[in-house]
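Structural overview for review
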Amino acid sequence: MDRYKASSLRAYDGELAESYDRSFVVRLLDLTVMDDFVVLALGDSLAGSRILDVGCGTGRLLERLADSGTWQLAGSDLAQRMLDVADGKLRGLGIDVELRAADAESALPWPADSFDVVTNTGVLHHLYGLSAALAEMRRVLRPGGRLVVADPCFFTPVRELFNLLLRHHPRDGDFYFYTPAQMGRLLAEDGWRVMVCRRLNWWAFGAVARSP
């Protein structure tokens, strides 16, 4: 296990899972901006789509997708404790979601072509093996299925300073913060057909791509 993954598990597979939704960063950045992007990107196709949220955490996006009319939902996360919180919250709201602990960089526990859409918000900057994770997301997507992602990016020089520090001192599993241009290029090089890749505000970007 790489040191970034170990750092992530130390942070999210412990007591932080219980308080994550109320944490300072979540309240400061208002992470619902990323959820808004996902819902708007999927539009009228939401209701009929089978969706997997990779790195679903405490189920924030899954709850939003269910509220928007999606009923075929699944979620995965590296940290079982986060999934336990998500399961309790979503069940309490009457939302039926298939949740599984999984390492997206290694293997997602679903067969190929299982989903119409794969989403993740606030996940890409945690992935040390980004190419391997993208390959797994593409595997579980049906041909032509959509990947909808959103992630923090910040502005220069804050992003560069964060990335420099993270080379030496992983924090909460953070590995690398990408610019929208970098992510668009990486997706294209990996074989995805990039439809949208743009900044959402001062701290985040969103992207939509189709699998080959």
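Everything that follows concerns the structure shown earlier in this document.
Because the structure is a prediction, the values reported are computed rather than measured. (Residues numbered from 1 in each chain as written. Predicted model: local features only at pLDDT ≥ 70, side-chain atom pairs only at ≥ 80, totals over all residues. Heavy atoms only, no water.)

1. Describing the overall build of the protein chain
Within the protein chain, the secondary structure is distributed over nine helices and seven strands. A globule of 212 residues ought to have a C-alpha radius of gyration of about 17 Å, and the protein chain, at 16 Å, matches this closely. Dimensions of the protein chain along its principal axes, counting C-alpha atoms only, are 45 × 40 × 30 Å. Across the 212 residues of the protein chain, 50% fall into the buried class. Taking the intrachain contacts of the protein chain between residues at least 6 apart in sequence as the baseline, contacts between residues at least 24 apart amount to 71%. (Helix = DSSP H or I, 4+ residues; strand = E, 2+ residues; numbered from the N terminus. Rg over C-alpha atoms; globule rule 2.2 N^0.38 Å. Buried < 20%, exposed > 50% of the residue type's maximum accessible area, 1.4 Å probe, protein only. Contact = heavy atoms within 4.5 Å.)

2. Brief notes about the pattern of salt bridges
Per the stated rule, a full pass over the model turns up 15 salt bridges. The shortest N-O distance in the salt bridge between Asp-21 and Lys-89 comes to 3.1 Å. On the criterion of sequence distance, the pair formed by Asp-21 in the loop between α2 (16-19) and α3 (24-29) and Lys-89 in helix α6 (residues 80-92) is long-range, its members being 68 residues apart. Classification of Asp-21 by relative accessible area gives partly exposed; the value is 35%. For Arg-60, the salt bridge identified is with Asp-35, shortest N-O distance 2.6 Å. Placement of the pair is Arg-60 in helix α5 (residues 60-67) and Asp-35 in helix α4 (residues 32-42), with a sequence separation of 25 residues. (Salt bridge = Lys/Arg side-chain N within 4 Å of Asp/Glu carboxyl O.)

3. Side note on a nonpolar patch on the surface
On the surface, a cluster of nonpolar side chains totalling about 330 Å² of accessible area is made up of Phe-24, Val-25 and Leu-28. Its place among the elements puts Val-25 in helix α3. (Patch = residues over 30% accessible without salt bridge, like charges linked within 9 Å, V, L, I, M, F, W, Y side chains within 5 Å. Areas by Shrake-Rupley, 256 points an atom, 1.4 Å probe, with all protein chains shown as cover.)

4. Digging into the packing of α4 against α5
Where α4 contacts α5, the two axes come as close as 10 Å, and the packing angle between them is 40°. Considered as vectors, α4 and α5 are oriented oblique to each other. Along this stretch, α4 crosses α5, giving a crossing that reads as right-handed. Mapping the contact onto sequence places Thr-32, Met-34, Asp-35, Asp-36, Val-38, Val-39 and Leu-42 in α4 and Arg-60, Leu-61, Arg-64 and Leu-65 in α5. Taken together, the residues of the contact of α4 with α5 break down into six nonpolar, one polar and four charged. (Axes fitted to C-alpha atoms, helices over the stretch in contact; angles between N-to-C directions. Parallel < 35°, antiparallel > 145°, perpendicular 65-115°, else oblique. Left-handed = near helix turned anticlockwise from the far one by under 90°. Nonpolar A, V, L, I, M, F, W, Y, C, P; charged D, E, K, R; others polar.)

5. As for the state of the cysteines
Using the criterion set out here, one finds zero disulfides in the structure. Free of any disulfide, Cys-153 has its nearest cysteine sulfur in Cys-197, 9.2 Å distant. You can call Cys-153 buried: its relative accessible area is 0%. The class for Cys-197 is partly exposed, based on a relative accessible area of 26%. (Disulfide = S-S within 2.5 Å.)

6. Things to note about the side chain of Thr-121
Along the chain, the position of Thr-121 falls in strand β4 (residues 115-121). At 3.2 Å, the side chain of Thr-121 and the side chain of Arg-60 are in polar contact. Those residues in contact with Thr-121 that sit more than four places away from it in its chain are Met-34, Asp-35, Val-38, Asp-53, Arg-60, Leu-61 and Ala-150. (Polar contact = N/O pair within 3.5 Å; in protein donor to acceptor, adjacent residues only side chain to side chain.)

7. A word on α5
Within α5, the full set of buried residues consists of Leu-61, Leu-62 and Leu-65. Projected onto a plane normal to the axis of α5, the buried residues spread over an arc of 100° and lie on a single side. Contacts from the buried residues of α5 go to α4, β1 (50-54), β2 (72-77), α6, β3 (97-101) and β4. Taken from the residues just after α5, Gly-69 is the one with a positive phi, measuring 110°. (Arc of directions from axis to C-beta.)

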